[in-house]
There are 2 protein chains.
Amino acid sequence: MPVRTEKELLALLQMRCEDDPEANVARAERMIVQAREQGARLVVLPELFKTRYFCQWEDPRFFDLAEPIPGPTTVRMQALAKKLGVVLVVPLFEVRAAGLYHNSAAILDADGTLLGVYRKMHIPHDPLYYEKYYFTPGDTGFRTWATQFGKISVLICWDQWFPEAARLSALQGAEILIYPTAIGWHPQEKAQWGLVQQQAWETVQRAHAITNGLFVAAVNRVGHEGPAEGGLDFWGNSFVCDPYGRILAQGSSDREEIVLAPMDRTLIETMRRHWPFLRDRRIDAYQDLVRRFLD
Amino acid sequence: MPVRTEKELLALLQMRCEDDPEANVARAERMIVQAREQGARLVVLPELFKTRYFCQWEDPRFFDLAEPIPGPTTVRMQALAKKLGVVLVVPLFEVRAAGLYHNSAAILDADGTLLGVYRKMHIPHDPLYYEKYYFTPGDTGFRTWATQFGKISVLICWDQWFPEAARLSALQGAEILIYPTAIGWHPQEKAQWGLVQQQAWETVQRAHAITNGLFVAAVNRVGHEGPAEGGLDFWGNSFVCDPYGRILAQGSSDREEIVLAPMDRTLIETMRRHWPFLRDRRIDAYQDLVRRFLD
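The text that follows walks through the structure, step by step, so that each part is easy to find. Computed from a predicted structure; not experimentally measured.

**Here we look at the pattern of salt bridges**
Within the structure shown, the criterion is met by 50 salt bridges over all chains. A salt bridge links Asp126(B) to Arg279(A); the nearest nitrogen and oxygen atoms lie 3.7 Å apart. Of this pair, Asp126(B) sits in the loop between β5 (114-119) and α3 (131-134) while Arg279(A) sits in helix α7 (residues 277-280), which puts the two residues in different chains. For Asp126(B), a relative accessible area of 12% translates into the label buried. Salt bridges linked by common partners bring Glu94(A), Arg96(A), Arg119(A) and Asp139(A) together as one network.

What follows is the structure in C-alpha cells.
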C-alpha cells in the first residue's frame, strides 16, 4: 500500500440527528471543519442528515421539512466547500415543485460549484420506513460526477441492495460509490436479527466494490429515534472498502464520529487487471434485466 | 428454523481430482451414494470434475478429454440418479461439434431424466486459467430447471462474479443458485492474497443470495495440481448460504469431503417479504446494462 497522503483521505460523518434542523446543519458544519483539519478532501453526510428520520411516520406536516436544491442548506454548504477546498455530498429532503418531493443529494465540488443532484431511484416502504409516502422515485438515473477528488457516484440507502445501480455507476467510470444511508434496527428484533441484518447490508456493499472493482463508502446515522417502546436504533457502522472488498475504516454502532479512510485509487486498475470482470460481461445476454419477472 | 428433514438436504461433493478420468467418475459415484445415504436429495459435483483442471495449459491434446452431452458420463450418472432418486448436477467438458467445445453442466432429475444443459456463459482467461482457449462462450443463456428438489439455476465458476447472471436466474424463479467451481490460489501469492481472494469469492456469492432472496451453493475442488513449483492450490471452501447470506455449511480448504446443508425454502418468502427488492427494481432505468461502458 502506498503512503497515505492528505489528498487521498475521505471522511464519513456518522452523525446523531436531533429534532432541530438548524442544530443538525450547524453540527454537520463543525464536523466538516474537523474532517478537513484531519486531512479529508471529500466529506460525506448521512441521508436526510438535517432532520430526524421522519419516515417512521406518515404525516403531511413533515413535508414542511423539505427545501429546494439549490436552497438554503445547499448555499451554506457551497460556501463551506469553497472555503475549505473540500468536496461535499449533502443529502437533502428536496421539494422540486408543489407536491413533488425527492430524497436527494447535492454534489458540491471543492470550489463550491453545485455539480448536480442525485434523486434516490429505489424507494423503500416497509414498517417504519414509509418512504413511498414522501419521496417520488428519482428520475435522474444513475450518475457519475467528476470532482476534484475523483469520479464519484452517489446513491442513497435502499439503492444499496440493487447491483444494477452499482453496475451502471461503474460503467460511467465511477471510482467510488457513495451511499448516504439511514438504516437501523427495530429494537424488538435486534437480539435475533441485528447482526444478520447489519452483516447482510455490509456484505452486499462489499460485493459491489468487488464485482465492479472500485471503492465503496457508506455513511449511516446513529442513535435511537422514535418512541422509547419501538422506534429505530440506527446502527452506524459507516465504512469504506477497497476494490477487493477489504474494509479500510469502520465506525461504531452507537457513537457519533468521523470515519476517515485513505483511498489509493491505483488499486482500481490493479484489481481490475487481475480480475477483469468488465472484459467478460455478456452484454449480449442481459436484455431481460429490464423485465420485472421472467414468468 | 424448522426441523431438518431428509427431503431438504443438499450435498456438495468437494472432490480431489486426479489424472485418470475413470477414477474421478468412479469416486464421484461413490460419493454420490454416500451423500444419498446421508439424506441428500440434490448432489452437486465440482466444475470439470472428471479431469484435472487442464486449463493451466494451452495444449490441443486436451480437447480429447471432452465428451458429448448426452454421452458416456451423462448416461452413467442418469442411471445413478434414477437408482438413488437424487437430483444431480454434473459438470462436463462438452464437445458439441467438431472444434466446438463448452464448459457445461448436465442437469439430471431424480428419475434420471436429462433436464437440460447449461453452457458456461462467462469465460475467464488469466494466468493458469486459460479457458478462452478451450471453451466457446455459452449460448444457453441463464436458465432455471424445475427438479424434484425445487427450481434450480446452474451457473459455473467465473459466472459467480457477475450479478447479472444471478439476477436473471432469480427472475426465472430459481430457489437455489448452484455454482460448480474450480478456483484456487497461485501458491506464490497465497500468503499475501489467499484470504483476500477467498473472502472476496465468498462475499460476492453471499451477496447474490441476499440481493435475490434465495439460496446459493458453491462447490469447489481441493488439492494442488500442476508443477510443484507453481500450479494451483484449489481452495475448497464449498459452501451453502441462505437468503440472508448466512453460511449453513462450509468445507475445509484442503480435504475431500461431502458438504451437507439443510434447505428450508420457506425462508425465501419470509426474507423477500421483509426485504422486497424484487418489488422495487427500477426496470425503467436499467437499459444501459447491455452496454460495454458508458463513455
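**What about the packing of aromatic side chains?**
This structure, assessed with the given rule, holds 56 aromatic pairs over all chains. Centre to centre, the rings of Tyr134(A) and Phe135(A) are 6.1 Å apart; their planes meet at 45°, and the pair counts as tilted. For the pair shown, Tyr134(A) and Phe135(A) are each scored as buried. Considering the side-chain rings of Phe63(B) and Tyr134(B), the 5.1 Å spacing of their centres and the 55° angle between planes classify their relative orientation as tilted. With Phe63(B) in the loop between β2 (42-44) and α2 (72-84) and Tyr134(B) in helix α3, this pair connects stretches of sequence that are 71 residues apart. Across the pair, exposure class does not vary: Phe63(B) and Tyr134(B) are buried alike. Taken together, the ring pairs connect Phe54(A), Trp57(A), Phe62(A), Phe63(A), Phe93(A), Tyr101(A), Tyr133(A), Tyr134(A) and Phe135(A) into an aromatic cluster. Directly above the ring of Phe234(A) sits Arg221(A), whose terminal nitrogen or CZ lies 5.5 Å from the centroid.

**Concerning the relation of the copies chain B and chain A**
Taken as rigid bodies, chain B and chain A are interconverted by a rotation of 180° and an axial shift of 0.0 Å, the fit giving an RMSD of 0.0 Å. Accordingly, the operation relating the two chain copies is best matched by a two-fold axis. When the interface residues of chain B are mapped onto chain A, 100% of them again lie at the interface, so the same face is used by both copies.

The rules behind each value
Residues numbered from 1 in each chain as written. Chains lettered and ligands numbered in written order. Predicted model: local features only at pLDDT ≥ 70, side-chain atom pairs only at ≥ 80, totals over all residues. Heavy atoms only, no water. Salt bridge = Lys/Arg side-chain N within 4 Å of Asp/Glu carboxyl O. Helix = DSSP H or I, 4+ residues; strand = E, 2+ residues; numbered from the N terminus. Buried < 20%, exposed > 50% of the residue type's maximum accessible area, 1.4 Å probe, protein only. Phe/Tyr/Trp six-rings, centres within 6.5 Å; stacked < 30°, edge-to-face > 60°. Lys NZ or Arg CZ within 6 Å of the ring centre and 35° of its normal. Least-squares fit on C-alpha atoms with pLDDT ≥ 70 in both. Contact = heavy atoms within 4.5 Å.

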